[in-house]
Amino acid sequence: GYVLIARRQTAGKGRLGRSFYSPPDSGLYLSLLLRPRLNVQDALFITTSAAVAVARAIETCCEHSRQAQIKWVNDIYLYGKKVCGILTEAAIDFESGGLEYAVLGIGVNITPPPGDFPDELAGIATSVFKDGTSGNVRNKLAAAILRELSALPPDFTSEEILDEYRRRSNLIGKDVFALFKNQTLPCHVLGIDDKARLVVRFEDGSEQALSSGEVSIKPPRKA
C-alpha cells in the first residue's frame, strides 16, 4: 500500500528495458507497492485491471468526453495516441509459487512537455489535455487513480473488469505486428481470453494466446 508520487523521473523505465520519458511538471508518475495473493501465471491481471482503473480515473477526474482506450497490455490511449504507460514488476516466492510483492508503476502525460514531445515520440504520444490547460489536476488525478485501484478485487481477477478491458481495447479486430519469440510477425487480433492474453492469428493460419511481448498496429495500406 505504500505509494510514491513524483513530478518527474530522471531514470523512468518502460517495458522491455526501454526508458520512459518523464519530463518535469507535465505528467504524473506514480508507483504503488502491492502484496497480492496471486499465482505467477495470473500476474497479468494486475496490469490489465490497473489499466481499467486508470482509464476510469482519467475520464471521471478530467471530465473527458472521449473514452480512454487500452492497447494491450499496458498503454492508455486518447485521440489515437498514448497518454499513459503502466509497468508491473514483481518478485516471486518460489516456495509458494506466488508473488512475494509487486510494484505497479503508472506514468500519465497530463499536459504537453515544454517544447512538446521529442521527435521520436511526437507521432505516438500525446497528453490528456492537449492544449496545455489542466486546471492543476495532478493531485486530483493521483487521488482518482488510487481510489479506483483500491476498489479492485484483492486478487485483481474480475469478469466485469476483464469485460470492460475488452470493450476498451483498440486492438481487437485489427491487423498488428507482434514481437513473438524474438520475431516480429504480422497477425490479426481475434480477442482477449479469460486469462487476459491477446489471442492472435498468424498469416499461416495458426493461432496463439500471447501473455507477454510487444504489439504495434499495422498502418493502413496506401491506395
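The coordinates are above.
Residue indices follow the written sequence of each chain, beginning from 1 at its first position. Local features in this predicted model are restricted to residues whose pLDDT is 70 or higher, and side-chain atom pairs enter the listing and the counts only when it is 80 or higher, whereas totals over whole chains, interfaces and linings include all residues. Side-chain metrics rest on all non-hydrogen atoms present in the structure, leaving aside hydrogens and water.

## A word on the sheet that holds strand S1 (residues 3–6)
Stated formally: Strands are labelled as partners when DSSP assigns at least two bridges between them. Where helices and strands are cited, they refer to DSSP runs of H or I of at least four residues and of E of at least two residues respectively, numbered from the N terminus. Axes here mean lines fitted to C-alpha atoms, for a helix over just the part in contact, with angles spanning 0 to 180 degrees between N-to-C directions.
The six strands are arranged S1-S2-S6-S5-S4-S3 in an open sheet whose pairing can be described as antiparallel. In this open sheet, the two strands that pair with only one neighbour each are S1 and strand S3 (69–71). Neighbouring strand axes in the sheet, compared pairwise and without regard to direction, differ in orientation by 20° on average. Pairing of strand S5 (residues 81–93) with strand S6 (residues 98–109) involves ten bridges; the strand directions are antiparallel. Along S6, the bridge assignment pairs cysteine 84 with valine 108.

## With respect to the environment of isoleucine 5
Here is the rule we go by: Relative accessibility decides the category of a residue: with a 1.4 Å probe and only protein chains considered, values under 20% of the type maximum give buried, values over 50% give exposed, and everything between is partly exposed. By definition, residues are in contact when any of their heavy atoms lie within 4.5 Å.
Its location among the elements puts isoleucine 5 in strand S1. On the accessibility criterion, isoleucine 5 (43% relative accessible area) is partly exposed. It is 5.8 Å that separates the C-alpha atoms of isoleucine 5 and tyrosine 29, two residues lying 24 residues apart in sequence. Aside from chain neighbours lying at most four places away, what touches isoleucine 5 is Leu28, Tyr29, Leu30 and Ala142.

## Here's the deal with helix H3 (residues 138–150)
One turn of an α-helix holds 3.6 residues; hence residues three or four places apart share an orientation. The condition is simple: The span expected for a helix works out to 1.5 Å for each residue beyond the first.
An ideal rise of 1.5 Å per residue puts 18 Å on 13 residues; H3 measures up with 18 Å between its terminal C-alpha atoms. Packing partners of the buried residues in H3 comprise S1, strand S2 (27–34), helix H1 (44–61) and S6.

## Considerations on the environment of alanine 90
Following the sequence through the fold, alanine 90 ends up in strand S5. It is 22 Å that separates the C-alpha atoms of alanine 90 and serine 22, two residues lying 68 residues apart in sequence. In this structure, alanine 90 is in contact with Leu99, Tyr101 and Ala102, ignoring residues within four places of it in sequence.

## Considerations on H1
With 18 residues, H1 ought to run about 26 Å at 1.5 Å a step, and its terminal C-alpha atoms sit 26 Å apart, in line with that. Judged by how many residues are buried, H1 sits mostly within the fold: 16 of 18 residues are covered. At the exit of H1 stands glutamate 63, carrying a positive phi of roughly 50°.

## Digging into a nonpolar patch on the surface
What counts here: Exposure above 30% relative accessible area and the absence of a salt bridge qualify a residue for a patch, where like charges join within 9 Å and nonpolar side chains (Val, Leu, Ile, Met, Phe, Trp, Tyr) within 5 Å. Surface accessibility follows the Shrake-Rupley procedure with a 1.4 Å probe radius. Residue values consider only the protein chains on display as shielding. By definition, a salt bridge exists where a carboxyl oxygen of Asp or Glu is found within 4 Å of a side-chain nitrogen of Lys or Arg.
A contiguous nonpolar patch, built from Val40, Ile92 and Phe94 and spanning about 310 Å² of accessible area, is present on the exposed surface. Its place among the elements puts valine 40 in the loop between S2 and H1. Here valine 40 falls in the partly exposed class, since its relative accessible area comes to 33%.

## Things to note about the nonpolar core
Taken as a class, soluble globular proteins show a tendency for nonpolar side chains to be buried jointly. Here is the rule we go by: Residues belong to one nonpolar core when they are buried, are Ala, Val, Leu, Ile, Met, Phe, Trp, Tyr or Cys, and are joined through side-chain atoms within 4.5 Å.
Core analysis: the biggest nonpolar cluster contains 59 residues, and Ile76, Ile106, Val108 and Leu141 have the highest contact counts within it. Tallying contributions element by element places H1 first for this core, with twelve residues. Discounting residues that sit within four places of it in the chain, leucine 141 has contacts with Leu28, Ala57, Ile58, Cys61, Cys62, Val108 and Ile110.

## As for the side chain of asparagine 170
By the element assignment, asparagine 170 lies in the loop between helix H4 (159–168) and strand S7 (175–180). What asparagine 170 contacts, discounting residues up to four positions off in sequence, is Gln69, Ile70, Lys71, Tyr77 and Ile217.

## Some details on the packing of H1 against H3
For clarity, the cut-off: Roughly parallel refers to an angle under 35 degrees, roughly antiparallel to one over 145, roughly perpendicular to one between 65 and 115, and oblique to any angle outside these ranges. Take the far helix as your reference; a near helix turned counterclockwise from it by less than a right angle gives a left-handed crossing, and one turned clockwise gives a right-handed crossing. As a working rule, the residues Ala, Val, Leu, Ile, Met, Phe, Trp, Tyr, Cys and Pro are called nonpolar, Asp, Glu, Lys and Arg charged, and the rest polar, with Gly in that last group.
Running from N to C, H1 and H3 point in directions that differ by 135°, and their axes come no closer than 8 Å. By the angle between their axes, H1 is oblique relative to H3. Here H1 runs over H3; the crossing is right-handed. On the side of H1, the interface is formed by Ala50, Ala53, Val54, Arg56, Ala57, Ile58 and Cys61, while H3 contributes Lys140, Leu141, Ala144, Ile145, Glu148 and Leu149. For the contact of H1 with H3, a count of residues per class yields ten nonpolar, no polar and three charged.

## Focus: the sheet that holds strand S9 (residues 198–202)
Read across the open sheet, the five strands follow the order S10-S9-S8-S7-S11; overall the sheet is antiparallel. Taken across any chain shown, the strands that pair with only one partner, and hence form the sheet edges, are strand S10 (207–210) and strand S11 (214–217). Adjacent strand axes in the sheet meet at a mean angle of 40° when their direction is disregarded. As judged from the five bridges shared by strand S8 (residues 183–192) and S9, these two strands associate in the antiparallel manner. From the neighbouring strand, valine 189 faces S9, where its bridge partner is valine 200.

By themselves, these are just geometric observations and shouldn't be taken as functional.
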